[in-house]
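Each chain is listed here by its residues.
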Amino acid sequence: MKRNNAGDPVMVIHRPARPALSCRPCREKKRRCDRNKPCSSCSQRDIPLQPGAGPTPADSTPSSSLSMAPSGHSAFDYSDVLGRIRRLEEAVFPTPSNVHEGGSASHTMSTFTSLNSHNADTVPSSFLSRSDRIAQLVAQLPPVDQAMKLFDHFASTLQPSLCILHIPSARDTLDSTYRVILGGEGENKIEDLLLLFSIFAGATLSWTTKLLQDLNATKGNAKSAFETYTHLATMILDDTSQPVPPSTTALAATATLAHVVINSDEPFPAKALALRLRCHLMAKSMLLHRLDTPSSSRERILQGANSIEIEVQRRVWWSMVASDW
């Protein structure tokens, strides 16, 4: 992941390169080009058609990446603003503050996989029944205290750049997931686990020295955890025998995971492109491209709709549009 001179992670939104449409002489002289071969401007000046002067991809220059994170050299302190926004959201949308009441520390550590314990052998098999599969996925979650720190780190580092998730709702998902696990009643939803693994993957990718110290982990532990969480999330999405149903949670998780994978060390990996396509298809199946049409707005008024879900769907769709998905 890209980092600034201070060592802080920087989220980058990648945009694909676009071919130049004007001919080379017009581009060099900054003249209007009608994109003919040769164009009228070159014809009037008796400029012959030059090899490769037309609108070919070879003439295009890669578009620059737009950094969406604040510079490490900025004099403005964003921590106070982020803290105030978080307190405001929690005041409007209150969530449970403690998910591990009544759970002992020994039970918590034995149920989950600590951040510094991940390796290639900890990834569960995909050839399992639904209940066994969820049980093995749950076993890969970090302990409650580590999960809280990873979530807070994601909310303070990547969320300001991505602006996809509704943090109080995502925190409520985190709380309810661990409450079900520690309480031993009910079964977690597969899309909730997908969301948590996507968040934890982003948090471990954008590690900082302070985070590693708080988690008593190393850079190698963070890298292994990122690879494990990413693999678990993609394994959930790739399981055709038990497909993830389209939902706002699954959509937001897939969009978040796609941005996280794109910002990993390997530029534009095939996995990221597959995640983008999957997110786009899920969004189209949920008719997000018609979300703000007059008919859809009237239908939401008549039938009632969750305003938070609608806002998250809108964030996902415009994130896709803004980054040329």
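Further up the page is the structure itself.
Before going into details, it helps to say that this report is about the structure given with it. Each chain has its residues counted from 1, following the order in which its sequence is written. Local features in this predicted model are restricted to residues whose pLDDT is 70 or higher, and side-chain atom pairs enter the listing and the counts only when it is 80 or higher, whereas totals over whole chains, interfaces and linings include all residues. Each side-chain value is derived from all of the structure's non-hydrogen atoms; neither hydrogens nor water enter the calculation.

What to know about the pattern of salt bridges
Pairing is possible between side chains that carry opposite charge, provided their charged atoms lie close to one another.
Inference 1: Throughout this description, the term salt bridge denotes a Lys or Arg side-chain nitrogen within 4 Å of a carboxyl oxygen of Asp or Glu. One pass over the full model with this rule turns up eight salt bridges.
Inference 2: Two residues, D239 and R133, come together in a salt bridge whose shortest N-O distance is 3.1 Å. Note that D239 is positioned in the loop between α11 (219-238) and α12 (248-262) and R133 in helix α5 (residues 130-139), a separation of 106 residues in sequence.
Inference 3: Any residue under 20% of the maximum accessible area for its type is buried, any over 50% is exposed, and the rest in between are partly exposed; the area is computed with a 1.4 Å probe on protein chains only. The buried category is assigned to D239, whose relative accessible area is 9%.
Inference 4: Across the pair D238 and R278 runs a salt bridge whose closest N-O atoms are separated by 2.7 Å. Each helix corresponds to a stretch of at least 4 residues labelled H or I by DSSP, and each strand to a stretch of at least 2 residues labelled E; elements are numbered beginning at the N terminus.

Re the nonpolar core
Inference 1: Counting 70 residues, the largest nonpolar core has L141, F197, F200, Y229 and V316 as the members making the most contacts within it.
Inference 2: Looking at which element gives the most residues to this core, the answer is helix α9 (residues 190-205), with 11 residues.
Inference 3: Each nonpolar core is a collection of buried residues, namely Ala, Val, Leu, Ile, Met, Phe, Trp, Tyr and Cys, held together in the definition by side-chain atoms within 4.5 Å. Of all hydrophobic cores here, the second largest spans five residues; its members include C23, C26, C33 and C42.

A few points about a nonpolar patch on the surface
Inference 1: Nonpolar side chains (Val, Leu, Ile, Met, Phe, Trp, Tyr) are joined into patches within 5 Å and like charges within 9 Å, using only residues with over 30% relative accessible area and no salt bridge. Note on areas: Shrake-Rupley, 1.4 Å probe, and residue coverage restricted to the protein chains presented here. A grouping of V81, L82 and I85 is seen on the molecular surface, where their side chains present a nonpolar patch of about 200 Å² in accessible area.
Inference 2: Take V81: it is sitting in helix α3 (residues 78-92).

Quick word on the packing of aromatic side chains
Inference 1: Ring geometry is summarised as follows: Phe, Tyr and Trp rings, the Trp one being its six-membered ring, pair when their centres sit within 6.5 Å, and such pairs are stacked at plane angles under 30 degrees, edge-to-face over 60 and tilted between the two. Here the structure, examined in full by the defined rule, presents two aromatic pairs.
Inference 2: Ring geometry for F200 against Y229: centres 5.7 Å apart, planes inclined by 55°, an arrangement best described as tilted. Taken as a pair, F200 in helix α9 and Y229 in helix α11 lie far apart in primary sequence, 29 residues in all. Across the pair, Y229 and F200 agree in class, each one buried.
Inference 3: Put simply, the rings of F197, F200 and Y229 pair up and form one aromatic cluster.

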